[in-house]
Structure formats: C-alpha cells, structure tokens
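Take a look at the letters that make up each chain.
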Amino acid sequence: MDNEQNKPFIYDFTLEQIQDWTKEQGEPAFRAGQIFDWLYVKRVGSFEEMSNLPKPLRDKLEASFRFVTLTEIAKFESKDGTVKFLFGLHDNHAIETVIMKHNYGNSVCVTTQVGCRIGCTFCASTLGGLKRSLTAGEIIAQVVQSQRILDPLNERVSSIVIMGIGEPFENYEATMQFLRVMIHPKGLNIGARHITVSTSGIVPSMLKFADENTQINLAISIHAPNDALRSKLMPVNRRFPFVDVMNACKYYIEKTGRRITFEYALIGGVNDRPEHAEELGNVLQGLLCHVNLIPVNYVPERDYVRTPRDDIFEFQRILQKKNVNVTIRREQGHDIAAACGQLRAKHMETTTG
C-alpha cells in the first residue's frame with residue numbers, strides 16, 4: 001500500500017510529459033496520444049480499461065502511476081440545479097467541488113487546496129487553516145469526475161472557475177499544470193476564455209500570471225476600497241498591500257489587454273456603505289475591469305449579516321455613475337450551503353467530534 005501511495009497521479013502529467021515517459025519505455029510515440037484519449041475523452045477509471053494498449057504497456061502504467069480517487073462523502077442538489085459534492089481524498093482529507101447550471105452551459109468550481117491560510121474573515125474555507133495543497137491531478141480529477149456525472153445527460157463542462165477552497169496562486173505550479181491540461185485540444189478542450197482563476201491578491205504570482213501569455217480570465221477578491229478596511233477583512237493584505245495589488249492589476253491589463261474582474265463581497269454595515277462605493281469607484285475609474293458584487297453568505301462561525309437588497313442596488317448605482325462596469329452575482333446553491341468551505345466545515349465538525 002505504501003508503494004501505491006508513492007506513485008504519482010497519472011492526471012499530474014501533460015501530454016508532452018506522457019510522451020516523454022512512453023519514449024523512455026521504448027514505446028511508439030502514438031501511444032501517449034492513446035493514453036491521453038483514454039484519460040480525457042473516454043474518461044476511464046483504470047489502466048486495464050485502456051483496451052487498445054498492449055498488456056505489457058498497461059502493466060507498466062499500473063506499476064508507475066495511479067488514478068486519483070475521489071470518494072463521494074456527500075452530495076447536495078439545489079432547486080436551481082447546482083450540485084455540490086464533498087469528496088474524500090486518499091489521505092482522508094475532504095474537498096468541495098460544485099457543478100453550476102447556467103443558461104449558457106455547465107460550470108465547475110474547483111478546489112486547489114485542502115483548507116486555506118488566507119484567513120478572510122467572511123469565508124468558511126479558512127476555518128481550520130491550510131492542511132495541504134492539491135496536486136495538479138487532484139484538481140483535474142474534479143473536472144473529470146464532473147464530466148463523468150454529466151456524460152449520461154449528454155452534457156459537457158463548458159466552463160471552469162477556480163474559486164473553490166484555497167488560494168490557487170499559493171499553489172501556482174499545480175494550478176498552471178491543471179490549466180494546461182484543461183485547455184489542451186486533445187484533452188477536455190475547454191476554451192481558455194471559459195476559465196477563470198480567482199486570487200486574493202498574491203502579487204508575485206499575479207505578475208507571473210500576466211507574463212504567461214494566456215487567454216484565461218483573472219479575478220481578484222478585493223472586498224474593500226482601501227488598505228485599512230481590506231486588512232481587517234483579509235489578513236493577506238498585510239503581506240500584499242492594496243496599492244501593490246492594484247499596481248499588479250494595472251500591469252496585468254497593460255501586458256495582456258484583458259479585462260480584470262474584481263470580486264466584492266458585500267457585508268452588512270462593514271464595507272457596503274455609499275462612501276465605500278464612492279471610494280471604490282474612484283479607485284477603479286478608467287480601469288479595464290468589471291466588478292462582481294456578491295451578497296455575503298451567512299457563515300455561523302462569523303458574525304456578519306447580509307446587505308439589504310436596496311443597499312446592494314444603491315452600491316451598484318454609485319459605481320455605474322462613475323462608469324465602472326458592475327453586476328450583482330446571481331446566487332446559486334444558497335439552499336445547500338454552496339458557499340466555499342461550508343460543507344467541509346460541517347464535515348470536519350462531525351469527524352472531529
């Protein structure tokens with residue numbers, strides 16, 4: 001069993017890396033494409049099912065790699081079609097994955113870490129801190145599993161949001177490896193412009209991502225219009241101050257010509273007053289950006305209340321007056337605790353007594 005745990009996940013490897021491996025094994029080059037096809041087009045769950053590969057090659061794969069096992073601990077379906085899964089990993093940790101139904105297709109929200117160390121005060125993901133980062137293969141497996149669930153319905157995963165538990169830019173290499181596999185034309189072939197990665201503002205990774213020359217969308221969790229308030233809500237702001245985050249955003253826009261999305265969770269009486277909207281509008285005026293206003297989810301462990309409906313619209317109106325592009329996020333899965341970390345937090349309570 002220990003030997004099994006030491007094997008890398010087959011999903012951790014790009015097509016090019018699998019090509020290198022097959023070459024080392026003395027196999028013809030086309031075998032790598034066949035393996036990749038079995039993984040992402042036929043979506044098998046074992047090497048034995050790769051029936052057009054010679055038995056000795058299947059045995060070599062079995063000896064060298066393993067599949068990611070995602071054990072379904074819990075599944076909740078919302079009346080709006082959102083499905084949330086709590087998956088168990090091989091080491092007894094648990095992660096969340098969400099399938100969201102939109103009129104334009106199915107979106108999957110993936111997790112990149114077990115827990116989170118960012119410490120945002122309004123978020124359940126950070127309860128219990130960071131346990132470990134996921135490998136690229138463990139992130140990929142969430143999308144493959146979601147696609148398997150959609151296969152009987154003749155539907156496909158059309159977009160991905162990296163907005164689940166964890167900070168993807170603190171697990172940068174695994175996140176980038178995941179993205180390369182997702183957009184590969186011989187894999188799941190999900191268009192780069194249909195993928196969004198969200199960060200709390202890890203400045204060095206933001207700058208690196210700007211230089212990647214990718215069409216993948218970038219979203220920043222901003223949640224405040226200034227340093228002082230952002231530091232109270234997001235301790236990470238003490239490491240990467242508001243002004244540095246904004247400068248990194250400007251660099252990204254300048255380098256890529258792409259629009260940035262700012263995620264702004266509205267918290268009743270904390271960051272949702274007209275003066276906050278005025279200040280935010282002044283900061284973002286003239287920037288190629290879009291603001292996504294998110295009415296905060298109630299988390300029992302936190303003492304925050306939701307912003308009244310009329311105040312949400314007033315906040316939006318003030319931003320629009322300053323020519324800032326802004327929408328209010330349509331809530332999904334509210335009846336099944338679909339906000340990040342809520343399901344895992346409940347599971348941790350029951351398993352730790």
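Quick notes on the rules
Position numbers for residues count from 1 along each chain, tracking the sequence in the order it is written. Predicted model: local features are reported for residues with pLDDT of at least 70 only, side-chain atom pairs are reported and counted for 80 or more only, and whole-chain, interface and lining totals are derived from all residues. Only heavy atoms go into the side-chain values, all of them from the structure, while hydrogens and water stay out. UniProt positions are given in the numbering used here, feature names are shortened, and annotations may be inferred rather than shown by experiment. Put simply, DSSP H or I for four residues or longer makes a helix, DSSP E for two residues or longer makes a strand, and each gets a number counted from the N terminus. Buried means the residue's accessible area, taken with a 1.4 Å probe over protein chains only, is under 20% of the maximum for its type, while exposed means over 50%, and partly exposed covers the values in between. Polar contacts, as counted here, are pairs of nitrogen or oxygen atoms within 3.5 Å of one another; within protein the pair requires one atom able to donate a hydrogen and one able to accept it, and residues that are adjacent in sequence qualify only if both atoms are side-chain atoms. Helix span, as expected, comes to 1.5 Å for every residue beyond the first. Note on geometry: axes are C-alpha line fits, over the in-contact stretch for helices, and angles between N-to-C directions span 0 to 180 degrees. Between 65 and 115 degrees an angle is taken as roughly perpendicular, under 35 as roughly parallel, over 145 as roughly antiparallel, and anywhere else as oblique. Throughout, a residue-residue contact means that at least one pair of heavy atoms, one from each residue, lies within 4.5 Å. In this count, Pro and Cys sit with the nonpolar residues alongside Ala, Val, Leu, Ile, Met, Phe, Trp and Tyr, while Asp, Glu, Lys and Arg are called charged and the others, Gly among them, polar. Salt bridge, as applied in this entry: a Lys or Arg side-chain nitrogen positioned within 4 Å of an Asp or Glu carboxyl oxygen.

Asker: So what's going on with the UniProt feature "active site" (unreviewed entry) in the chain? Residues and values would help.
Answerer: The residues that UniProt annotates with the feature "active site" (unreviewed entry) are Glu96 and Cys340. Take glutamate 96: it is sitting in strand β3 (residues 94-102). A relative accessible area of 3% means that glutamate 96 is categorised as buried. Separated by 2.9 Å, the side chains of glutamate 96 and lysine 84 make a polar contact.

Asker: Give a description of helix α6 (residues 172-183) that names residues and reports values.
Answerer: In this model, α6 (12 residues) spans 17 Å end to end at C-alpha, consistent with the 16 Å of a helix rising 1.5 Å per residue. Burial in α6 covers these residues: Tyr172, Ala174, Thr175, Met176, Gln177, Phe178, Leu179, Val181 and Met182.

Asker: I'd like a rundown of the packing of helix α7 (residues 203-210) against helix α9 (residues 242-256), residues and numbers included.
Answerer: Between α7 and α9, whose axes approach to 9 Å, the crossing angle comes to 5°. Considering the angle they form, α7 stands roughly parallel to α9. Residues Val203, Met206, Leu207, Phe209 and Ala210 of α7 form the contact with α9, whose participating residues are Asp244, Val245, Ala248, Cys249, Tyr251, Tyr252, Lys255 and Thr256. Split by residue class, the contact of α7 with α9 holds 10 nonpolar, 1 polar and 2 charged.

Asker: Run through the side chain of asparagine 237, naming residues and quoting values.
Answerer: Residue placement: asparagine 237 occurs in the loop between α8 (227-233) and α9. Residue classification places asparagine 237 among the buried positions, given a relative accessible area of 1%. A polar contact of 2.6 Å, which involves the side chain of asparagine 237, links it to the side chain of aspartate 227. The contact partners of asparagine 237, leaving out residues within four places of it in the chain, are Asp227, Arg230, Ser231 and Phe242.

Asker: Got a sec to walk through the UniProt feature "binding site: S-adenosyl-L-methionine" (unreviewed entry) in the chain? Specific residues and values, please.
Answerer: Under the feature "binding site: S-adenosyl-L-methionine" (unreviewed entry), the UniProt entry names Gly166, Glu167, Ser198, Ser221, Ile222, His223 and Asn297. With respect to the helices and strands, the residue serine 198 is situated in strand β8 (residues 195-199). Serine 198 sits in the buried class, given a relative accessible area of 11%. Sequence-distant contacts of serine 198, defined by excluding residues within four places in its chain, comprise Ile162, Met163, Glu167, Pro168, Ala219 and Ser221. Summarising the element assignment, serine 221 is placed in strand β9 (residues 217-221). Judged by its relative accessible area of 15%, serine 221 is buried. Residues contacting serine 221, with those up to four places away along its chain left out, are Ser198, Thr199, Ser200, Arg230, Met234 and Glu263.

Asker: Can you break down the side chain of threonine 14 residue by residue, with the values?
Answerer: Checked against the element boundaries, threonine 14 lands in the loop between α1 (2-6) and α2 (15-24). If we skip the residues at most four places from it in the chain, threonine 14 touches Phe36, Gln177 and Val181.

Asker: Lay out the pattern of salt bridges in plain terms, naming residues and giving numbers.
Answerer: The tally for this structure, following the rule as stated, stands at 19 salt bridges. For arginine 273, the salt bridge is made with aspartate 311, and the minimal N-O distance between the two is 2.9 Å. A residue pair is termed long-range when its members are at least 10 positions apart, and arginine 273 in the loop between β10 (260-266) and α10 (274-284) and aspartate 311 in helix α11 (residues 309-321) qualify at 38 residues. Classification of aspartate 311 as partly exposed rests on a relative accessible area of 24%. Shared partners join several salt bridges into a network, and the residues in it are Asp91, Arg132 and Glu138.

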